[in-house]
Amino acid sequence: LIRLRNRKKKAASAKTWGDRVDSVKEQKDKRQQIRSHNLDARRQGGALGANLSSKRIKEDDDDKDKGDKGSKRKRQGPHSDQGRNRAGFEGKK
């Protein structure tokens, strides 16, 4: 009687585990499909990939169009040269 019960438990456990493995595989495939779609949308850019445009994949010739856009920003804290003109930084060095 105990062996029969153990066999039933093991069979149920094996079935549950198999279902879990299948569902994990389905979820993994779905996430991968979404990722590939996002990559395609980023490659297109513009209005088609509007919600992903900030993460747009850059082509090699894209850098030539920007010019000096990649230069560093000026400091804006209390230690900047412009800091004297910013509100809240009057007495700080």
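Worth saying up front: this structure is predicted, and the values here are computed from it rather than measured.

Participant: What is the right way to look at the overall build of the chain in this model?
Facilitator: Along the chain, the regular secondary structure elements total two helices and zero strands. A buried classification covers 10% of the 93 residues belonging to the chain. Accessible surface, the chain as shown: approximately 9,200 Å² in total, 49% of it carbon and sulfur.

Participant: Help me understand the pattern of salt bridges, please; the structure alone is not making it clear to me.
Facilitator: Where side chains of opposite charge bring their charged atoms close, a pairing between them can arise. Counted according to the given criterion, the structure contains two salt bridges. Among the salt bridges present, the one from lysine 15 reaches aspartate 19, with a minimum N-O distance of 3.2 Å. Of this pair, lysine 15 and aspartate 19 both sit in helix α1 (residues 2-44), separated by four residues, roughly a single helical turn. Relative accessible area serves as the criterion here: at 56%, lysine 15 is assigned to the exposed category. Here aspartate 29 makes a salt bridge to lysine 25, at a shortest N to O gap of 3.3 Å. With aspartate 29 and lysine 25 both in helix α1 and four residues apart, this pair spans about one turn of that helix.

What counts and what doesn't
- Residues numbered from 1 in each chain as written.
- Predicted model: local features only at pLDDT ≥ 70, side-chain atom pairs only at ≥ 80, totals over all residues.
- Heavy atoms only, no water.
- Helix = DSSP H or I, 4+ residues; strand = E, 2+ residues; numbered from the N terminus.
- Buried < 20%, exposed > 50% of the residue type's maximum accessible area, 1.4 Å probe, protein only.
- Areas by Shrake-Rupley, 256 points an atom, 1.4 Å probe, with all protein chains shown as cover.
- Salt bridge = Lys/Arg side-chain N within 4 Å of Asp/Glu carboxyl O.

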